[in-house]
Amino acid sequence: MKRRRSWQRRQVLQAGGALLAAYGVAGCGQEFLSQQGSRSPENAETGSMNLSELLARWQVGIGEDPGRFLWEIESDPQVAAVAQGWDPHFLSGWLNSFDHRQGDLSFWRNWHQAGLLRQWFERGYTLHIITWEDDTHRPCGDYHISKQFVQDVAELAGYIAQANPQGRPTYWSLATEFSYWRIPADTYNADTAPYYQALMRNVLRARQAIKERLPEAEVALCWGGWIATFDDPQRGSGRSMVEPFAETMSRMDGIAFQSMRQRRPGEFNPELNGPDPGNPEQIRLCCRLFSPIHSNLMLAHYEPSIKDKHPSGGRADTVHTDFQLMSQPEWLQEVSQLGLRRFSLMHYGLYKGDPYGALTAARQFRAQVGLPAATAS
């Protein structure tokens, strides 16, 4: 399930001079706190939990092709080592749109007809579906405001319902990176509002279609994580773009986002003319931004990506550094209290053979999350 992408947007994070305001983002999301109260009941509850209880709530996943991953576990010792080290709770797969007119259900139909979806549930996995749209040429995004999009997710939800008679929760991250689909990118203004309003209406229709077939599904709108790293209130860009979506997101089952910064935290980024914040900081900022709106957060796809190496991966040295930082109790405590519950690797190629200790670091992180509270560190 190869996914073509336009990567230029990763280079600048939209005029990165405002990036983090030199990390001065302490007020990130406070406008939502004032509108909706200090915390949701669930987040108030998590504030009284110790770290091991918080980490026991986590689930981890892996993508992007469930069928290939499980086949390679049996045929490739390096993939078997990844599966053993990461030990995923769920498998992530993509409903892609390459031609702007329809999603690609062919993989899912074949898996369903072959009985593989049922086998995966029987083996103890659940599923995470991400929807995206080819943004090589913009403006784009027409598929996600179409009736076809709602029909496609309804069809897929029907397959999963047949394969999952126990009614285990499945996860849906819809319209990932949608803030880039219109011009100007990452901006809610008079020109982009009609599209985004149509998108919000259709995302809610899609959620209803999924929930009718899978009542236990958790359906989220999925942001590009870079949205939390800059702000331009006058243009309605960056963090200021989020507020118009708050009411819609509060009606969903959670909020999802990605993080795919290729550089290690603090590494010089020539596009920013300064240090890169890195994935751990971007994830933390997303949690702070979205937590006042919803208490159930998901990192839908993580990967330090490089265009030339995608989809096989990117920088394993960044993976190693990221997981070392994300394994620190302070980081885990903060994002967990803010509502982060699920964390999915975009691809597993970066971890094969443990380059730069990437799998070792991921394994150490995994040993802390998603375990019974009595054994979590």
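Residues numbered from 1 in each chain as written. Predicted model: local features only at pLDDT ≥ 70, side-chain atom pairs only at ≥ 80, totals over all residues. Heavy atoms only, no water.

This part takes up the nonpolar core. In terms of nonpolar packing, the biggest core is built from 95 residues, with Trp-172, Trp-223, Phe-290, Phe-323, Phe-343 and Tyr-351 touching the most fellow members. Ranked by the residues each element gives to this core, the list is headed by helix H10 (residues 193-213), at 10 residues. Apart from residues no more than four positions distant in its own chain, Phe-323 is found in contact with Trp-86, Tyr-302, Phe-343, Leu-345, Tyr-351, Ala-361, Ala-362 and Phe-365. Grouped together as the second largest cluster of nonpolar side chains are seven residues, Ala-220, Ala-256, Met-298 and Ala-300 included. (Core = buried A, V, L, I, M, F, W, Y, C linked by side-chain atoms within 4.5 Å. Buried < 20%, exposed > 50% of the residue type's maximum accessible area, 1.4 Å probe, protein only. Helix = DSSP H or I, 4+ residues; strand = E, 2+ residues; numbered from the N terminus. Contact = heavy atoms within 4.5 Å.)

Let's shift gears to the side chain of Arg-239. Looking at the secondary structure, you find Arg-239 in the loop between strand E7 (237-238) and helix H11 (246-250). Buried charge without a salt bridge: Arg-239, with Asp-231 as the nearest opposite-charge side chain at an N-O distance of 4.2 Å. A distance of 3.2 Å separates the side chain of Arg-239 from the backbone oxygen of Ala-228, its partner in a polar contact. (Lys, Arg positive; Asp, Glu negative; His and termini not counted. Salt bridge = Lys/Arg side-chain N within 4 Å of Asp/Glu carboxyl O. Polar contact = N/O pair within 3.5 Å; in protein donor to acceptor, adjacent residues only side chain to side chain.)

Let us look at the packing of aromatic side chains. Following the criterion strictly, the structure yields 26 aromatic pairs and no others. Measuring from centroid to centroid gives 6.5 Å for Trp-58 and Phe-343, while their planes differ by 25 degrees, and the two rings are stacked. Of this pair, Trp-58 sits in the loop between helix H4 (51-55) and strand E1 (59-62) while Phe-343 is found in strand E12 (residues 340-345), placing the two residues 285 residues apart along the sequence. On the basis of relative accessibility, which here comes to 0%, the residue Phe-343 falls in the buried class. In this structure an aromatic cluster arises from ring pairing among Phe-178, Tyr-188, Tyr-195, Tyr-196, Trp-223, Phe-245, Phe-257 and Phe-290. (Phe/Tyr/Trp six-rings, centres within 6.5 Å; stacked < 30°, edge-to-face > 60°.)

The subject of this paragraph is the packing of helix H12 (residues 278-290) against helix H13 (residues 316-326). Any two packed helices are characterised by how steeply their axes cross, that is the angle between the axes, and by the distance between the axes. Across the interface, H12 lies against H13 with an axial gap of 8 Å and an inter-helix angle of 50 degrees. It follows from the interaxial angle that H12 and H13 lie oblique. Between H12 and H13, the contacting residues are Asn-279, Pro-280 and Ile-283 on the first element and Thr-318, Asp-322, Leu-325 and Met-326 on the second. Within the contact of H12 with H13, the residues separate by chemical class into four nonpolar, two polar and one charged. (Axes fitted to C-alpha atoms, helices over the stretch in contact; angles between N-to-C directions. Parallel < 35°, antiparallel > 145°, perpendicular 65-115°, else oblique. Nonpolar A, V, L, I, M, F, W, Y, C, P; charged D, E, K, R; others polar.)

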